[in-house]
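Examining the three-dimensional arrangement
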Amino acid sequence: MKTILVPIDSNKEGDLVAQKAIEIAKAFESKVHLVHVTSLSKDIVVTEPGVEYISPVNLTEYEKEMDTLNSFKAKFLDAGLLTEVHLLQGFADKQILKLAEQLHADLIVLGYIKHSALYKAFVGSVSEGVIKGSKASVLLIPANQNG
């Protein structure tokens, strides 16, 4: 297992996912790629064909998301693991699968948050999308359910 992809979200489950991924990566001496996928709703201003600018408000959001990724990266580096970060934009499951294929990831470690049937019907689940479309093995880390 040479390459592990770890989708990171800024929720509390991110720490649990990171800890499990660190354990696995250390055991296999794997390179780790951390990825966060931001939503499509952020405004990108196109002023001319091929030139895009991010609005100042969204630039601040991107910076926050990159700070979050880098704080997780520090945990992996502290554990002695070779780690890279990726901040992508789009549909999370599709971007995760695309990156996993580009990296030839051997394993995807991601958190699993249980959602209601209504939520799944209208929004779907990133973890389900990744499981259905992945050529790599997928390890789901369930969120702690405290009532």
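The model shown is predicted, which means the values in this text are computed figures rather than measured ones.

**Topic: the environment of Leu 77**
With respect to the secondary-structure elements, Leu 77 resides in helix 2 (residues 56-78). Relative accessible area serves as the criterion here: at 43%, Leu 77 is assigned to the partly exposed category. In this structure, the C-alpha to C-alpha distance between Leu 77 and Val 32, residues 45 residues apart in sequence, is 9.8 Å.

**Remarks on the packing of aromatic side chains**
Within the structure shown, the criterion is met by zero aromatic pairs. A cation sits over an aromatic face here: Lys 75 above Phe 72, 4.7 Å from the ring centre.

**Observations concerning the nonpolar core**
Within the largest apolar cluster, 18 residues are counted, with the highest numbers of intra-cluster contacts made by Ile 4, Val 6, Val 32, Leu 34, Phe 76 and Val 109. Elements with a contribution of two residues or more to this core: strand 1 (3-7), helix 1 (13-28), strand 2 (31-38), helix 2 and strand 6 (107-112). Of all the elements, helix 1 adds the most residues to this core, at six residues. Ile 96, Leu 99, Ile 108 and Ala 136 belong to the second largest nonpolar core, which has twelve residues in total.

Rules and cut-offs
- Per chain, residues are indexed from 1 in the order of the written sequence.
- Residue-level local features of this predicted model are given only where pLDDT is at least 70; pairs of side-chain atoms are given and counted only at 80 or more, and the full residue set underlies all totals for whole chains, interfaces and linings.
- Side-chain figures throughout are based on the complete set of non-hydrogen atoms in the structure, without hydrogens or water.
- Helical segments are the DSSP runs of H or I of at least four residues, strand segments are the runs of E of at least two, and each set is numbered from the N terminus.
- When accessible area is computed with a 1.4 Å probe and restricted to protein chains, residues below 20% of their type maximum are described as buried, those above 50% as exposed, and intermediate ones as partly exposed.
- To pair, rings of Phe, Tyr and Trp, with the six-membered ring standing in for Trp, must have centres within 6.5 Å; the planes then decide the type, stacked if under 30 degrees apart, edge-to-face if over 60, and tilted in the middle.
- In this scheme, Lys NZ or Arg CZ marks a charge over a ring once it lies within 6 Å of the ring centre and within 35 degrees of the ring normal.
- In plain words, nonpolar cores are sets of buried Ala, Val, Leu, Ile, Met, Phe, Trp, Tyr and Cys residues tied together by side-chain atoms within 4.5 Å.

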